[in-house]
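Residue-level structure breakdown
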Amino acid sequence: MTTTIGAPSDTFDLIRRHLSPRLALTGSFAGRGATEVSGDGCRVTLSDGRTALDFGSYAVTLLGHRHPDVLAAVRAQLDTMPTSTRSLANPTAARAAAQLAEYFQQALPKVYFGLNGADAVEVAGKLARLATGRGRVVAVEGGFHGKSLGALALTHSPLFRRGLLGTSVDVVHVSPDDPGAVLREVRGGEVAAVVFEPVQGENGAAVLSVDVLRQWCADAARYGTFTIADEIQCGLRRCGERSVALAAGLPVDAVLVGKPLGGGVVPLSALVCSEELYAPLSADPFLHSATFGGHPLSCAALPAALTAIEGAAEHGARLAAVLDRALAELAVRHGELVAGIRGRGLLRGIDFTSPGVAGSVVVELAGAGLLVSPCLGRPGTVRLLPPLISTEADIAEAADILDTAIGVAGRRAE
Ligand SMILES: Cc1ncc(COP(=O)(O)O)c(C=O)c1O
């Protein structure tokens, strides 16, 4: 059987028939009837010849699209051994694990590789329960940790749990503003782990208080509970530091990374953790394994990705300052529609006065050539995720497009 994928209408038809009608609708809406065709740096080319500035891609394209060093590393692996036997030792995965531990200055020496962020969340939760013999996990209101069943239990918004009666993990969600919340939960000795995003991405770039997190880490440690920083979205320099938690001096037992870890080219995620948390896997590596975990093509991307991220880090800090100023100006100019600016570094949210206004802005942006990532669980906020490799001119262009889009949305709301 052959299926030709030609005109965009064919693509939408195939998506409608074989994937999801709603996906076809949102994709058609975002591209104004065009599909994505190619990506290069911060730009995506659409099937109608237009290009769009990509400040979205759900935080994957920190290095933009097709970063040349990452492509070269993945191509070299493709030409030698793209797949692992999984019975012979694989040097590419071993080297990637060592480099990731080194990237975090050996603060956390052990590594488990997955493909999606949820894979890293799953293994972290499983190890915490096995290493402590306890069943309960504390997570944070507003947190997003993925949609596979174990990760979903930690994700806060009920939107993602619709139709699912209960989840397999015993989780309590605490307020991010309550420094005493963890102590109250852990002192009974039943909590395996506390899991938090230092900057909550899906929750519209909400920055958690470091003082509260410090208190939580101290209280958890006192009662033998592990602390796990989910930095799948905010880590790897997205918010400035390699790890937001480690840079703040938080004594976490694990950092989870993903999204840009494969350089925006291949899927890769990782749990990076202490010997203590990893102990069950050290004793039995088959306790948690997956056919494609530590896949050579993904692991080949890691060294090139981390080197490129570090090479762009200083530029990223300057860019974040430029973005700060541009967003502050937008907030002043459109004070009647913009309720606030959130986030840190290159993970930012524009809070609008209502989800309706945010929706109108997204509609305008779709046609005007700026791709952003909406927040499903916080629809009044539009999330901006500029790549580290974007330029000041790209930020200025995005600010101009936003200015016009917010203006149009405002006139429509009158
Ligand atoms: C903080 C955080 N954790 C976990 C996940 C889940 O990652 P994935 O969708 O790759 O499974 C996400 C995805 O957006 C995330 O932002």
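Quick summary incoming for the structure in this document. Computed from a predicted model, the values in this text were never measured in an experiment.

1. Quick notes on the nonpolar core
Core analysis: the biggest nonpolar cluster contains 83 residues, and Leu100, Phe196 and Trp216 have the highest contact counts within it. No other element matches helix α11 (residues 296-333), which puts 18 residues into this core. Both of domain 1 (11-66 + 312-413) and domain 2 (68-308) provide at least three residues apiece to this core. What Leu100 contacts, discounting residues up to four positions off in sequence, is Val111, Phe113, Val257, Leu261, Ala270, Val272, Leu302 and Leu306. Ranked by size, the runner-up nonpolar core spans 28 residues in total, among them Val123, Ala193, Leu271 and Cys273.

2. A look at the sheet that holds strand β6 (residues 170-174)
Reading across the sheet, the 7 strands line up as β4-β12-β11-β10-β7-β5-β6 and stay open at both edges, with mixed pairing between neighbours. Bordering the open sheet on either side are β4 (110-114) and β6, each of which pairs with just one other strand. Strand-to-strand twist of the sheet, defined as the mean angle between neighbouring strand axes without regard to direction, takes the value 20 degrees. Note: strand β11 (residues 254-257) against strand β12 (residues 269-273), 4 bridges, orientation antiparallel. Counted as the bridge partner of Val255 is Val272 from β12.

3. Side note on the sheet that holds strand β1 (residues 36-40)
Backbone-to-backbone hydrogen bonds pair the strands of a sheet. The strands run either parallel or antiparallel. With respect to topology, 4 strands assemble into an open sheet ordered β1-β2-β3-β15, the strand pairing being mixed. Of all the strands in the sheet, just β1 and β15 (370-371) have a single pairing partner and so form its edges.

4. So, the packing of aromatic side chains
With the rule as written, the count across this model stands at 2 aromatic pairs. Consider the rings of Tyr103 and Phe104, whose centres lie 5.2 Å apart with planes at 75 degrees: the pair is edge-to-face. Residue Tyr103 is classed as buried on the basis of its relative accessible area of 5%. Pairing Phe144 with Phe160 gives two aromatic rings, centres 5.1 Å apart and planes at 70 degrees, and the pair type is edge-to-face. Residue Phe144 is found in the loop between β5 (136-140) and α6 (149-154), and its partner Phe160 is found in the loop between α6 and β6; the two are separated by 16 residues along the sequence. Sitting over the face of the ring of Tyr103, Arg242 holds its NZ or CZ atom 4.5 Å from the ring centroid.

5. A look at the pattern of salt bridges
As enumerated under the stated definition, the model contains 20 salt bridges in all. Of the charged contacts, one joins Arg17 and Asp13 as a salt bridge, the two residues approaching to 3.2 Å between their closest N and O atoms. Of this pair, Arg17 and Asp13 both sit in helix α1 (residues 8-19), 4 residues apart, which is roughly one turn of that helix. Arg136 is paired through a salt bridge with Glu185; the nearest N and O atoms lie 3.2 Å apart. Linking Arg136 in strand β5 with Glu185 in helix α7 (residues 181-186), this pair joins segments that are 49 residues apart in sequence. Judged by its relative accessible area of 23%, Arg136 is partly exposed.

6. A word on the pairing of β12
Counting buried residues along β12, 5 of its 5 residues qualify, which places the element largely inside the surrounding structure. Burial along β12 is two-sided: Ser269, Leu271 and Cys273 facing one way and Ala270 and Val272 facing the other are all buried. Two strands pair when backbone bridges link them, and β4 and β12 are joined in this way by 5 bridges, in the antiparallel orientation. Pairing of Lys110 across the sheet is with Cys273, part of β12.

Conventions and cut-offs
Residues numbered from 1 in each chain as written. Predicted model: local features only at pLDDT ≥ 70, side-chain atom pairs only at ≥ 80, totals over all residues. Heavy atoms only, no water. Core = buried A, V, L, I, M, F, W, Y, C linked by side-chain atoms within 4.5 Å. Buried < 20%, exposed > 50% of the residue type's maximum accessible area, 1.4 Å probe, protein only. Helix = DSSP H or I, 4+ residues; strand = E, 2+ residues; numbered from the N terminus. Domains from an automatic or database assignment. Contact = heavy atoms within 4.5 Å. Pairing = 2+ DSSP bridges. Axes fitted to C-alpha atoms, helices over the stretch in contact; angles between N-to-C directions. Phe/Tyr/Trp six-rings, centres within 6.5 Å; stacked < 30°, edge-to-face > 60°. Lys NZ or Arg CZ within 6 Å of the ring centre and 35° of its normal. Salt bridge = Lys/Arg side-chain N within 4 Å of Asp/Glu carboxyl O.

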